[in-house]
Amino acid sequence: MEILVSIAVLGMTYALVAAGIVLVYKASRVVNFAHGEIAIVCGYLFYSAGRLWPAEGFFPAFATTLLFSLACGVVIYLVLMRRLLGEPTFVAAMVTIALAIIFKAAIVVVWRSSNLGIPMGRQILLLYPDGGALRLIDLVTLATGALCFIGLGVFFRYARLGRQFRGAAENALLASQRQVDINLILSLAWAAAVFAAAIAGVLFGSRSMLSPQSTILGLSGLTAAMVGGLDSLRGALLGGFLVAGAIYLTARLIDPALSEAVPFIILLAVMAWKPWGLFGTREELDRV
Amino acid sequence: MSPVSPFLQRSHAERNRLLPEPYQRVLIPLLVVALLALPMLGNSYLIYLLNLTCLAVIGAVGLNLLTGYCGQVSLGHASFMAIGGFVTAIAGETFGLPFWLAVPASCLVGAAVGFLVGIPALRFRGIYLAIATLAMHYAIIYLLTSYQTHFEASATAGISVSSPSLAGYVLSDGYDWYYLLLAVAAATVLFGLNLTRTHCGRAWVAIRDRDISAATLGINVPAYKLRAFVVSAALAALAGSLGAYFHGIVTAEGYTLELAILYLAMVIIGGMGSVAGTVLGAAFMTLLPFAVDAVGGLLPSAWRLGTVIYGFQEGAIGVVIILFLLFEPRGLIEIFRRLADYFQRWPFRYRELQSGG
């Protein structure tokens, strides 16, 4: 029971990170290697904002993080990614790698690489008989993740903008000829992705510690997205749980050192078997 | 790659010369003499920086052959270097092989691993290949870490490597190392320049530009891609092996993903598909942290950054990568070419027709 809940909570965090990567990839075919760094920086920001206005509680910190993440996403798109439309996918990916370096440097410069835990939702709800505890934040993580995925699903299925988004993802040129504002769609994708990363970062920081090393979260999320298929939200959810299960079980049962490598071993296995992931669509030749 | 106008070339041999421009035939010997004479300045810090640069050049030329020429983006270069370092440590310390055997052995093992990694990598292209090599990096580093902690129980902090000796002469200080590393780096650059002018190098460029057309031209695409992986991994292992001797210690934690990214940055900033550019890029990226450090030291003492300078050193790498990708995607070598053009064609504004670069 305890193992299942832990895997579900960890998996939801990874799935949220993966969802951000999938959103950006779907819209612009850019693999965002900076996602984990962005998530952790947003977590740090949430912590600092919470310290700045301790009396007001959750909402000022949340508003700051929300505003920062939306602005950050739009700025990344407008300043960097828009110039790289039409360039080889590798160039845009390299820019996100550089962004990852910069965000990680920001953790060192602004937060002095300190290990911080966000003091939120750490109340113990239930003690398991075999050790460990169910905390409030675990339930909050599951609920938030589910809400995000349902929201995204409804948005893509029913909202006009969501349908335009899918159209733009499928064929940007045709969509723009039907008066879909590609710049708006892509800014939106980046903003939503960074916001998803921020949520994941805050949830992660509330469950464990924020540190420069925890940016590995992004690579776990990337692995989850790749396992599920880079352009599939369903795949992100499934991939998140698969990767979390594998990490958690190897760390508990086999060897904690192996748990760092295990997502990548799974990734290699899945890529050898299905290069486009479990739910991903087979892509045109020049993309893979 | 030759920037000479095609109209002035009368034969294929002329098109394919090692140093096509007359000024290069003057400048390169001067550069060699200057590099050989540098130790006379007696500045050991400078020699240390140059040693690091030479090591970076060896590894970066290997990566440029794979990524810049053959178009296979690899984030796994650090793991090849790690293999070179570990094979050196095992061969040199556990089996007691001498320096002149341990280094080629590392290269051979590196080449073998490159071959093994290259076979599955043939399935992927572009960004998927980058992610696959990233996953491979973590798998290899995990294996090396577990070797380090389980089998060498005494050396959980890393495996130390004793100073090498060549024909009875122990390489102890930076000046000895300088001549060795300079020679190896020069040989690597020459190897890269020569290889890229052969059939193999041109096949790689064809694969990079459009692998389907390369296949229709009769190029055996998988075989040449594999060859690129093998050569690149062997050079990375050479750099890793020499680096292990130079630093005197090997740790699996030292070969991070950041190191692989740093090498990719050297290739991008120097110029993708240019061996000469790689030298510039390797020097630039090696010296950048020291330059940031020096600038930090100039600040008034109230603003001194202390340990946070590390963050600025890292951040500078990211900023430089973005600036180059946005504003000079062809790298430092393109800036150099423009300058050379300017002085060569002066007082005219531009040269006649550029051949494909």
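Provided above is the structure to which this section pertains.
Counting starts from 1 at the beginning of each chain's written sequence and moves along it residue by residue. Working convention: letters from A go to chains and numbers from 1 go to ligands, in the order in which they are written. Totals for whole chains, interfaces and linings use every residue, but because this is a predicted model, local features are given only for residues with pLDDT of at least 70 and side-chain atom pairs only at 80 or more, for both listing and counting.

Time to look at the overall build of chain A. Secondary structure is summarised from DSSP: a helix means a run of H or I of at least four residues, a strand means a run of E of at least two, and numbering begins at the N terminus for each. A tally of helices and strands in chain A yields eleven helices and two strands. Beginning at the N terminus, the succession of helices and strands in chain A can be written as α-α-α-α-β-β-α-α-α-α-α-α-α. Computed over its C-alpha atoms, the radius of gyration of chain A comes to 19 Å, within 12% of the 19 Å expected for a compact globule of 288 residues. Projecting the C-alpha coordinates of chain A onto the three principal axes gives extents of approximately 60 × 45 × 35 Å. Here exposure depends only on C-beta density: within 10 Å of a residue's C-beta, 20 or more other C-beta atoms make it buried, 12 or fewer make it exposed, and intermediate numbers make it partly exposed, the C-beta atoms being placed from the backbone. Looking at chain A as a whole, 51% of its 288 residues qualify as buried. In chain A, the share of contacts with a sequence separation of at least 24, taken over all contacts with a separation of at least 6, comes to 73%. All radius of gyration figures rest on C-alpha atoms, and the globule criterion is 2.2 Å times the number of residues raised to 0.38. Whether two residues are in contact depends on their C-beta atoms, placed from the backbone: they are in contact if these lie within 7 Å.

With that out of the way, let us pick up the overall build of chain B. A count of helices and strands for chain B gives 14 helices and four strands. In terms of overall size, chain B behaves like a compact globule, its C-alpha atoms giving a radius of gyration of 21 Å where 357 residues would be expected to give roughly 21 Å. Each of the three principal axes of chain B carries a C-alpha extent, and together these read 65 × 55 × 45 Å. Burial status across chain B gives 45% buried among its 357 residues. Restricting the contact set of chain B to residue pairs at least 6 apart, pairs at least 24 apart contribute 77%.

Right, let's talk about the interface of chain A and chain B for a bit. In this complex, chain A contributes 33 residues to the contact, which on the side of chain B involves 33 residues. Of all the secondary structure elements, the ones that give two or more residues to the side of chain A that touches chain B are α4 (89-111) and α11 (256-273) of chain A. Residue contributions to the side of chain A that touches chain B peak at 15 residues, all from α4 of chain A. Under this grouping Gly is polar, as are all residues other than the nonpolar Ala, Val, Leu, Ile, Met, Phe, Trp, Tyr, Cys and Pro and the charged Asp, Glu, Lys and Arg. In terms of residue class, the side of chain A that touches chain B is made up of 27 nonpolar, one polar and five charged.

What follows concerns the environment of His 137 of chain B. All names here are of chain B. If you trace the backbone, His 137 turns up in helix α6 (residues 126-151). Each C-alpha atom, one on His 137 and one on Leu 257, is 7.6 Å from the other, the two residues being 120 residues apart in sequence. Contacts of His 137, omitting those with residues within four sequence positions, involve Leu 75, Gly 76, Ala 78, Ser 79, Leu 257 and Ala 260.

All names here are of chain A. Packing of helix α2 (residues 35-52) against helix α9 (residues 216-228) brings their axes to within 6 Å, and their N-to-C directions diverge by 130°. Looking at the two axes, α2 sits oblique to α9. Relative to α9, the crossing made by α2 is right-handed. For the pair α2 and α9, the contacting residues are His 35, Gly 36, Glu 37, Ala 39 and Ile 40 in the first and Ile 216, Leu 217, Gly 218, Leu 219, Gly 221 and Leu 222 in the second. Axis lines are fitted to C-alpha atoms, over the contacting stretch for helices. Their N-to-C directions set the angle, which ranges from 0 to 180 degrees. Each angle receives one of four descriptions, namely roughly parallel if under 35 degrees, roughly antiparallel if over 145, roughly perpendicular if within 65 to 115, and oblique otherwise. Put simply, a crossing is left-handed when the front helix is turned counterclockwise from the back one by less than a right angle, and right-handed when it is turned clockwise.

This part covers unusual backbone geometry. All names here are of chain A. In this structure, Ser 113 is a non-glycine residue whose phi angle is positive, near 55°. Mapped onto the elements of the fold, Ser 113 is located in the loop between α4 and β1 (124-127). The exposure class assigned to Ser 113 is partly exposed, which follows from the 16 C-beta atoms found within 10 Å. With phi around 65°, Gln 179 is a residue other than glycine that occupies positive phi space. Tracing the sequence through the fold places Gln 179 in the loop between α7 (172-177) and α8 (182-207).

Right, let's talk about the environment of Tyr 310 of chain B for a bit. Residue and element names in this part refer to chain B. Considering the arrangement of structural elements, one finds Tyr 310 in helix α13 (residues 309-327). For Tyr 310, a count of 17 C-beta atoms within 10 Å gives the class partly exposed. Put simply, Tyr 310 and Ala 139 are 171 residues apart on the chain and 28 Å apart in space, counted from C-alpha to C-alpha.

Turning to helix α3 (residues 44-69) of chain B, a few remarks are in order. The periodicity of an α-helix, 3.6 residues per turn, causes residues three or four positions apart to be oriented the same way. All names here are of chain B. With 26 residues, α3 should cover 38 Å at 1.5 Å per step; its first-to-last C-alpha distance of 35 Å lies within 8% of that length. Most of α3 sits out of view: 19 of its 26 residues are buried. Of the residues trailing α3, Gly 71 is marked for its positive phi of about 75°. In a helix, the anticipated span is given by 1.5 Å times the number of residues less one.

Before going further, it helps to spend a moment on the packing of helix α12 (residues 275-298) of chain B against helix α14 (residues 332-345) of chain B. Residues and elements named next belong to chain B. The geometry of α12 relative to α14 is characterised by a closest axis approach of 8 Å and an angle of 115° between their N-to-C directions. As summarised for this structure, α12 and α14 are arranged roughly perpendicular, according to the angle between their axes. Our pair here, α12 against α14, has a crossing hand that is right-handed. In contact with Ala 276, Gly 277, Leu 280, Gly 281 and Phe 284 of α12, α14 contributes Leu 332, Ile 333 and Phe 336. When grouped by side-chain class, the residues that make up the contact of α12 with α14 number six nonpolar, two polar and no charged.

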